[in-house]
Amino acid sequence: MKTEDNLSQKMSSNGFAPAVSPAASTTITTDSDAIVSGETSIPTQGENMPAFQAKPRDASGPLPIVLVVQEIFGVHEHIRDICRRLAMEGYLAVAPELYFRQGDPSDYNDIPTLFNELVSKVPDTQVLADLDHVANWASRNGGDMRTMAITGFCWGGRITWLYAAHNPQLRAGVAWYGKLVGEKTMKQQKQPVDVAVDLNAPVLGLYGAQDDSIPQESVETMRQALRAANAKSEIVVYPDAGHAFNADYRPSYHEASAKDGWQRMLAWFRENGVK
């Protein structure tokens, strides 16, 4: 798919990923004159990557940056709203379309096909390099790279751990229900448990005890790896939450855990100088 074609598709798309439609009645929509948001294009590795950005309307100086990493469904309405919520808190939030070279997640109507035909083909090395370019772009477009964090959800939660071990300029990360252990492949050569000793920034992991896709044994394995590495990272497990408990557009949404996780995330950013 040509980059310019991909960009035009993304700029004209609205709503949620077909693989998880229709949206639940609990869906949160952020709409405020206090922020500005919209689609943009970020040069990376010789191509232009579509992305969504949001920031306070009346910013008087460089803003703290938050890189927002998508779920497997791409940058659909939920991820765009996460950016708007972060802008309401004073951040420049940027969510890049990290699959754009391999395809468009809105072309898929079910999760297994989406994962097998698109998500599994995206190399970690490509994603980490693209995020570096997003960070540089943000620093040239109103952001301050000295105060930069990352947060990600599901697929993006795993990437959050990896990026915290990749970029020495990062100040903090918050990983929402991202896989911690698993099979290694040519495209996924390391898992978060393998990079616990290499973290450049502290990561807050937010997980659900009822998550069938991320067993508590794997969470404990990660905790042990963090302790062995003397890392300043932490993991919080919500006893009544399952996978995707922050995804307010899905039946998996667990309001109490999501709200607590959001406040913990903001506090984690502040405590680590991203404010």
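Before reading further, recall that the structure is shown in the block above.
Residues numbered from 1 in each chain as written. Predicted model: local features only at pLDDT ≥ 70, side-chain atom pairs only at ≥ 80, totals over all residues. Heavy atoms only, no water.

*Asks:* What's the story with the nonpolar core in this structure? I'm lost.
*Replies:* Soluble globular proteins tend to pack their nonpolar side chains together in the buried interior. Counting residues in each nonpolar core, the largest one holds 89 residues, and the members touching the most others are Val68, Leu86, Trp155, Trp161 and Phe269. Here this core gets seven residues from one element, more than from any other, and that element is helix α4 (residues 124-140). (Core = buried A, V, L, I, M, F, W, Y, C linked by side-chain atoms within 4.5 Å. Buried < 20%, exposed > 50% of the residue type's maximum accessible area, 1.4 Å probe, protein only. Helix = DSSP H or I, 4+ residues; strand = E, 2+ residues; numbered from the N terminus.)

*Asks:* Would you mind showing me how to read the pattern of salt bridges here?
*Replies:* One pass over the full model with this rule turns up 14 salt bridges. Between Asp81 and Arg84 there is a salt bridge, with its nearest N and O atoms 3.0 Å apart. On the criterion of helical spacing, the pair formed by Asp81 and Arg84 is a turn pair, its members being three residues apart in helix α2 (residues 77-88). Note on Arg84: relative accessible area 10%, which makes it buried. The shortest N-O distance in the salt bridge between Asp260 and Arg264 comes to 2.5 Å. In this pair, Asp260 and Arg264 are both assigned in helix α7 (residues 255-271), four residues apart and thus about one turn of the helix distant. The exposure class of Asp260 is partly exposed, given its relative accessible area of 30%. The structure contains a network of salt bridges with shared partners spanning Glu77, Arg80, Asp81, Arg84, Arg85 and Asp248. (Salt bridge = Lys/Arg side-chain N within 4 Å of Asp/Glu carboxyl O.)

*Asks:* Any chance you could explain the side chain of Ser257 here in plain terms?
*Replies:* Considering the arrangement of structural elements, one finds Ser257 in helix α7. By relative accessible area, Ser257 is classed as buried at 4%. A distance of 2.7 Å separates polar atoms of two side chains, one belonging to Ser257 and the other to His254. The contact partners of Ser257, leaving out residues within four places of it in the chain, are Tyr238, Ala241 and Phe245. (Polar contact = N/O pair within 3.5 Å; in protein donor to acceptor, adjacent residues only side chain to side chain. Contact = heavy atoms within 4.5 Å.)

*Asks:* Is there a simple way to explain the state of the cysteines in this structure?
*Replies:* Covalent bonding between the sulfur atoms of two cysteines defines a disulfide. All chains considered together, the criterion is met by zero disulfides. Take Cys83: it sits in no disulfide, and the sulfur closest to it among the cysteines is that of Cys154, at 17 Å. The exposure class assigned to Cys154 is partly exposed, which follows from its relative accessible area of 21%. (Disulfide = S-S within 2.5 Å.)

*Asks:* Teacher, can you tell me more about helix α6 (residues 216-228) here?
*Replies:* In an α-helix, one turn spans 3.6 residues, which is why side chains three or four residues apart end up on the same side. Counted at 1.5 Å a residue, the expected span for α6 with its 13 residues is 18 Å, and the 18 Å between its end C-alpha atoms agrees. Those residues of α6 not exposed but buried are Ser218, Val219, Met222, Ala225 and Leu226. Seen end-on, α6 carries its buried residues on one side only, within an arc spanning 120°. Among the exposed residues of α6, those pointing more than 90 degrees away from its buried face are Glu217, Arg227 and Ala228. In this structure, the buried residues of α6 make contact with α5 (155-164), β7 (203-208) and β8 (234-238). (Expected span 1.5 Å × (residues − 1). Arc of directions from axis to C-beta.)

*Asks:* Hey, could you run me through the pairing of strand β1 (residues 35-44) in this one?
*Replies:* Regular strands place their side chains on alternate faces of the sheet. The sheet contact formed by β1 and strand β2 (residues 47-56) spans ten bridges and is antiparallel. Directly across from Ser41, in β2, lies its bridge partner Pro50. Between the antiparallel neighbours β1 and β2 lie two residues, among them Gln45 with a positive phi of about 50°. (Pairing = 2+ DSSP bridges.)

*Asks:* Mind showing me how you'd approach the side chain of Gln70 here?
*Replies:* Along the chain, the position of Gln70 falls in the loop between β3 (63-69) and α2. A distance of 3.2 Å separates a polar atom in the side chain of Gln70 from the backbone nitrogen of Leu98.

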